[in-house]
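Results of the structural survey
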Amino acid sequence: MIKNLVFDFGEVLVNHDLQPVLDRYFGDSTDDKSRFAEILSDRGFIDDCDRGFIPFDEMIESSAAKWPEFADALLFFRDNYLDEITGEIDGMRELLVRLKEEGFRLYGLTNWSDTIYRVMERYDIFKMLDGYVISCEEHVIKPQREIYLRLCGRYGLEPGECLFTDDRAVNVDGARAAGMAAVVFTTAGQYERDLRRLCHNQAI
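Residues numbered from 1 in each chain as written. Predicted model: local features only at pLDDT ≥ 70, side-chain atom pairs only at ≥ 80, totals over all residues. Heavy atoms only, no water.

1. Re the side chain of Glu-84
As for its placement among the helices and strands, Glu-84 is situated in the loop between helix 5 (71-79) and strand 3 (85-88). One buried charged side chain, Glu-84, makes no salt bridge at all; its nearest oppositely charged neighbour is Arg-118, positioned 8.7 Å away. Contacts of Glu-84, omitting those with residues within four sequence positions, involve Asn-15, His-16, Asp-17, Leu-18, Val-21 and Phe-77. (Helix = DSSP H or I, 4+ residues; strand = E, 2+ residues; numbered from the N terminus. Buried < 20%, exposed > 50% of the residue type's maximum accessible area, 1.4 Å probe, protein only. Lys, Arg positive; Asp, Glu negative; His and termini not counted. Salt bridge = Lys/Arg side-chain N within 4 Å of Asp/Glu carboxyl O. Contact = heavy atoms within 4.5 Å.)

Shown next, in the form of structure tokens:
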């Protein structure tokens, strides 16, 4: 039986959009904007930030030394990081209120750098969680099996009683490999339908 609902943060609880920050800095300079976006979206760079062995500010400083032509842009990105978070995902706060009232326990499991603490201070939706695990504190990232099991171990959860959701299919697959039920997130409505379907199937 599903008792515990586990949520990714970015694109599940809050919107994350780099484009407005890029537009503010680069304006109509599309070539520079595209090159800079490639640096920030590099999987290796993102994973290193999320593992947290090196603080985010130091990652930016080392990147500025590596790409001096974008040093000012990287500092702008660092200083305006919170502007990338454009609000809570539509319908999720209301849904979490209902689910909590129904008796579900709510948890977070996210890959994020140490910038996440500023995000969590700004958005009240995070206060609804009964606990969370953040990759930068663990030095392990999804979809590694260990990070899912650390969440379970920390809060005394049985993987088979958890439903995990994430906007990235690879992380959903990682949760399933750790013994959790898991669904890809697209919208609050779709997530609730998937949850109700799984709970109904378990009750049959």
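2. Regarding the packing of helix 4 (residues 56-66) against helix 5
The geometry of helix 4 relative to helix 5 is characterised by a closest axis approach of 9 Å and an angle of 165° between their N-to-C directions. Here helix 4 is positioned roughly antiparallel relative to helix 5, judged by the angle of their axes. The hand of the helix 4/helix 5 crossing is right-handed. Contacts from Phe-56, Asp-57, Ile-60, Ser-63 and Ala-64 in helix 4 reach Ala-71, Leu-74, Leu-75, Phe-77 and Arg-78 in helix 5. (Axes fitted to C-alpha atoms, helices over the stretch in contact; angles between N-to-C directions. Parallel < 35°, antiparallel > 145°, perpendicular 65-115°, else oblique. Left-handed = near helix turned anticlockwise from the far one by under 90°.)

3. A word on the nonpolar core
Judged by nonpolar contacts, the single largest core of 52 residues is most densely connected at Leu-5, Leu-13, Met-92, Val-119, Phe-126 and Tyr-191. Apart from the residues within four sequence positions on either side, Leu-5 is in contact with Leu-99, Phe-104, Arg-105, Leu-106, Tyr-107, Leu-163, Tyr-191 and Leu-195. (Core = buried A, V, L, I, M, F, W, Y, C linked by side-chain atoms within 4.5 Å.)

4. Overview of the pairing of strand 5 (residues 131-134)
Relative to strand 5, strand 4 (residues 105-110) is paired through four bridges, and the arrangement is parallel. Counterpart to Leu-109 in the pairing with strand 5 is Val-133. Regarding topology, helix 7 (residues 116-122) serves as the crossover connection from strand 4 to the parallel strand 5, and that connection is right-handed. (Pairing = 2+ DSSP bridges. Right-handed = clockwise from strand over helix to strand, strands pointing away.)

5. Structural notes on unusual backbone geometry
The amide bond that connects Lys-142 to the next residue, Pro-143, takes the cis arrangement and shows omega of 10°. The topology assignment puts Pro-143 in the loop between helix 8 (135-138) and helix 9 (145-155). The backbone of Glu-11 shows a phi angle near 70°, a positive value even though the residue is not glycine. Here His-139, not a glycine, exhibits a phi torsion of approximately 65°, which is positive.

6. A few points about the sheet that holds strand 4
The five strands are arranged 5-4-1-6-7 in an open sheet whose pairing can be described as parallel. Across the chains shown, the open sheet's two edge strands, defined by having one partner strand only, are strand 5 and strand 7 (181-184). Across the sheet, the mean angle separating the axes of adjacent strands is 20° when strand polarity is ignored.

7. Notes on helix 3 (residues 43-51)
Of the positions making up helix 3, those classed as buried are Phe-45, Asp-47, Cys-49 and Asp-50. Structurally, helix 3 contributes buried residues whose contacts are with helix 2 (30-40), helix 4 and helix 8. A distance of 3.1 Å separates the backbone nitrogen of Gly-44 from a side-chain oxygen at the start of helix 3, and that oxygen is part of Asp-42. Looking one or two residues past helix 3, Gly-52 carries a phi angle of roughly 75°, positive in sign. (Polar contact = N/O pair within 3.5 Å; in protein donor to acceptor, adjacent residues only side chain to side chain.)

8. Section: the environment of Tyr-132
Within the secondary structure, Tyr-132 sits in strand 5. Tyr-132 gets classed as partly exposed once you look at its relative accessible area, which sits at 31%. Sequence separation between Tyr-132 and Ser-34 is 98 residues, and the spatial gap between their C-alpha atoms is 34 Å. In this structure Tyr-132 touches Phe-9, Gly-108, Met-120, Leu-151 and Tyr-155, once residues within four positions along its chain are discounted.

9. A look at helix 4
Among the residues of helix 4, Phe-56, Met-59, Ile-60, Ser-63 and Ala-64 are the ones counted as buried. Down the axis of helix 4, the sector holding all buried residues measures 135°, keeping them to one side. Where helix 4 is buried, its residues meet helix 3 and helix 5. (Arc of directions from axis to C-beta.)

10. As for the environment of Ser-135
Tracing the sequence through the fold places Ser-135 in helix 8. Once the C-alpha coordinates of Ser-135 and Leu-163 are considered, the two residues, 28 residues apart in sequence, prove to be 19 Å apart. Not counting residues within four places of it along the chain, the set of residues in contact with Ser-135 comprises Asp-50, Arg-51, Thr-110, Asn-111, Trp-112, Val-140, Ile-141 and Ile-147. Of the polar contacts made by the side chain of Ser-135, one reaches the backbone oxygen of Asp-50; its length is 2.7 Å.

Interpretation in functional terms is not warranted from these geometric data alone.
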